[in-house]
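Residue-level structural notes
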Amino acid sequence: DIDIPLGRIRVRLKGSAGSHNGMKSIIYLLESEEFPRVRIGIGKPPEDVDLVQYVLEEFQGDELKIALKSVDLAADAVIEIIRSGVERAMSFFNPKSLED
């Protein structure tokens, strides 16, 4: 998600698609925004980089390490959602980043 900095995740009970076309497709197919989601941040692209190119390009170097840790953090958030519910996962994971 470009609206979340690289290295952070965000758990939500429900919500809109924002700028995420994949989420727009899921909402369209489910005919509802009423489902929990775990979003993984990639940050905003530099001003001179096309958005589609930025979203689809591979992570490099330190960015790759941070992105992989974000995926692990998101997986932990999903497990917490299943075990304890979305609200608990939100309170625990939303303030977290890889620097925490």
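All of the points below concern the structure found in this document. (Residues numbered from 1 in each chain as written. Predicted model: local features only at pLDDT ≥ 70, side-chain atom pairs only at ≥ 80, totals over all residues. Heavy atoms only, no water.)

**Section: the overall build of the protein chain**
- Along the protein chain, the regular secondary structure elements total four helices and two strands.
- Each principal axis of the C-alpha distribution contributes one length, and for the protein chain these read about 40 × 35 × 15 Å.
- Scored against the burial criterion, the 100 residues of the protein chain give a buried share of 28%.
- Taking all contacts inside the protein chain whose residues are at least 6 apart in sequence as the whole, residues at least 24 apart take part in 66%.
- A total accessible area of about 6900 Å² is found for the protein chain, and carbon and sulfur atoms account for 55% of it.
- In the protein chain, the 13 positive side-chain charges and the 18 negative ones have mean positions that sit 7 Å from each other. (Helix = DSSP H or I, 4+ residues; strand = E, 2+ residues; numbered from the N terminus. Buried < 20%, exposed > 50% of the residue type's maximum accessible area, 1.4 Å probe, protein only. Contact = heavy atoms within 4.5 Å. Areas by Shrake-Rupley, 256 points an atom, 1.4 Å probe, with all protein chains shown as cover. Lys, Arg positive; Asp, Glu negative; His and termini not counted. Charge placed at Lys NZ, Arg CZ, Asp CG, Glu CD.)

**A closer look at helix 3 (residues 61-84)**
- Here helix 3 contains 24 residues, and its C-alpha end-to-end distance of 35 Å stays within 8% of the 34 Å for a straight helix at 1.5 Å per residue.
- Every buried residue belonging to helix 3 is among A67, S70, L73, A74, A77, E80 and I81, and all of these are buried.
- Close packing links the buried residues of helix 3 with strand 1 (9-12), strand 2 (37-40) and helix 4 (86-93).
- In the segment just after helix 3, G85 is the residue with positive phi, at about 100°. (Expected span 1.5 Å × (residues − 1).)

**A short note on the pattern of salt bridges**
- Across all of its chains, the model carries four salt bridges by this definition.
- The partner of D1 in a salt bridge is R39, and the shortest N-O contact between them spans 2.6 Å. With D1 in the segment before strand 1 and R39 in strand 2, the pair connects residues that are 38 residues apart, well separated along the chain.
- The class of R39 is partly exposed, set by a relative accessible area of 21%.
- One salt bridge connects R88 with E80, and the closest N-O pair in it is separated by 3.3 Å.
- In this structure R88 comes out as partly exposed when scored by relative accessible area, which is 47%. (Salt bridge = Lys/Arg side-chain N within 4 Å of Asp/Glu carboxyl O.)

**Remarks on the packing of aromatic side chains**
- Scanning the model with the defined rule gives one aromatic pair in all.
- With centroids separated by 4.8 Å and ring planes inclined at 80°, the aromatic side chains of F92 and F93 adopt a geometry described as edge-to-face.
- For F92, a relative accessible area of 39% gives the class partly exposed.
- Of note, R37 hangs over the ring of F35, and the distance from its end group to the ring centre comes to 4.2 Å. (Phe/Tyr/Trp six-rings, centres within 6.5 Å; stacked < 30°, edge-to-face > 60°. Lys NZ or Arg CZ within 6 Å of the ring centre and 35° of its normal.)

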